[in-house]
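Okay, here's what each chain looks like letter by letter:
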Amino acid sequence: MLLKDIRDYQILFLGLFLVVGIGTRDWTLRPELIGVAIATSLATQWILSLVTGKEQMTNLRSALITSLGLSLLLRADHWTTMAIAAAIAIASKFIFQVGDKHFFNPANFGIISALILTPDAWVSPGQWGEEWWYGLLFAGTGGMILQRVGRWDTTAAFLGSYSLLEAIRNLWLGWTWDVYWHRLMSGSLLLFALFMITDPRSIPNSRIGRVVWAVCIAGLTFILRNYFFVSTAVFWALFALAPLTILLDVLWVAPRFAWQEGDEGAGEEPLTPNSCTEAINRVSPNSCTEAINRVSLTQH
């Protein structure tokens, strides 16, 4: 059923952002590149699903979300670059897995791969400008999705930590607060915080793990942006710290997120000593005796 899955809302909102961005910001984004990103992502997901036999076909939604994310953030001169980014992004879900969980954000992995492997790819963090209504649009739609998936903690930890670090630096340098707000009022930063860093299938499962992870990404973003002058610092920080998810899931065990009932390998309780003990307790000697007695009565 349409819009039954929360990913349907993500697809709707990301598609809306794409239309609004092209219509109001006059982006130099060719429609054929969007088509290439979508077609390549869906085809790669379908082929690898058949090859591995692990992923369900319903995950074509996730592939479409990845392609829309690439279209919103990545720029390229040639269609082959967008195709490479989309194919690598989807393939990363199948390659970089631990316990059937991928730990790289697919769109982020595709963006970084394109920046490294191709000569004509770039990201424009300031493409959304600083208009306040973009922030309201992102916060409203992103908030609706985060309320459904329960990942507000990740966004709050990231934006709170990063804002605090920028405020301390602003005070230390004696700058006016106009400079501070200028550095924070970025549509791309909000898009990243609300829709990319909160992907529930690739971030830590536990709440404390997500908070620690988001704070680390905020710290690395701050360092890369202010001391190494990397304009795309948020994407590099997420890419570099994505493997930290594995360690945090080991330190703080929690159930995996499930988009909907029936998702393969999702939403299962982790295997712990307590869960094993509970399973043994359920099968008590009394229950076994009762079962034997029933069989005996039936035979007689």
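The rules behind the values
Residues numbered from 1 in each chain as written. Predicted model: local features only at pLDDT ≥ 70, side-chain atom pairs only at ≥ 80, totals over all residues. Heavy atoms only, no water. Helix = DSSP H or I, 4+ residues; strand = E, 2+ residues; numbered from the N terminus. Buried < 20%, exposed > 50% of the residue type's maximum accessible area, 1.4 Å probe, protein only. Contact = heavy atoms within 4.5 Å. Areas by Shrake-Rupley, 256 points an atom, 1.4 Å probe, with all protein chains shown as cover. Phe/Tyr/Trp six-rings, centres within 6.5 Å; stacked < 30°, edge-to-face > 60°. pLDDT = per-residue confidence, 0-100. Core = buried A, V, L, I, M, F, W, Y, C linked by side-chain atoms within 4.5 Å.

> Quick rundown of the overall build of the chain? Include the residues and the values.
Helix and strand content of the chain: 14 helices and 4 strands. Out of the 300 residues belonging to the chain, those deemed buried represent 47%. Considering only contacts within the chain whose residues lie at least 6 apart along the sequence, 75% involve residues at least 24 apart. Of the accessible surface of the chain, which amounts to about 15200 Å², a share of 66% is contributed by carbon and sulfur atoms.

> Talk me through the packing of aromatic side chains; I want residue IDs and the actual numbers.
For the structure shown, the criterion picks out 15 aromatic pairs. Between F96 and F104 the ring centres are 5.3 Å apart and the planes differ by 75°, which places this aromatic pair in the edge-to-face class. On the basis of relative accessibility, which here comes to 30%, the residue F96 falls in the partly exposed class. For F104, a relative accessible area of 9% puts it in the buried group. In this structure an aromatic cluster arises from ring pairing among F96, F103, F104, F109 and F239.

> Could you give an account of the confidence of the model for the chain, naming the residues involved and the relevant values?
For the chain, per-residue confidence averages 81 on the pLDDT scale, and residues scoring 70 or more make up 77% of the total. In the model, residues 261–289 has pLDDT below 50 throughout and makes 28 contacts with residues more than four positions away in sequence or in other chains. Ignoring residues within four places in sequence, the model shows residues 294–300, a span with pLDDT below 50, making 0 contacts including any to other chains.

> Please give an account of the nonpolar core that cites residues and values.
The nonpolar side chains of a soluble globular protein tend to be buried with one another. Core analysis: the largest hydrophobic core is formed by 57 residues, its most contacted members being L74, F158, F192, M196, I217 and F235. Per-element accounting of this core gives the leading share, 7 residues, to helix α9 (residues 187–196). Those residues within four positions of F235 in sequence are excluded, and the remaining contacts are L73, N108, I112, V123, F192 and M196.

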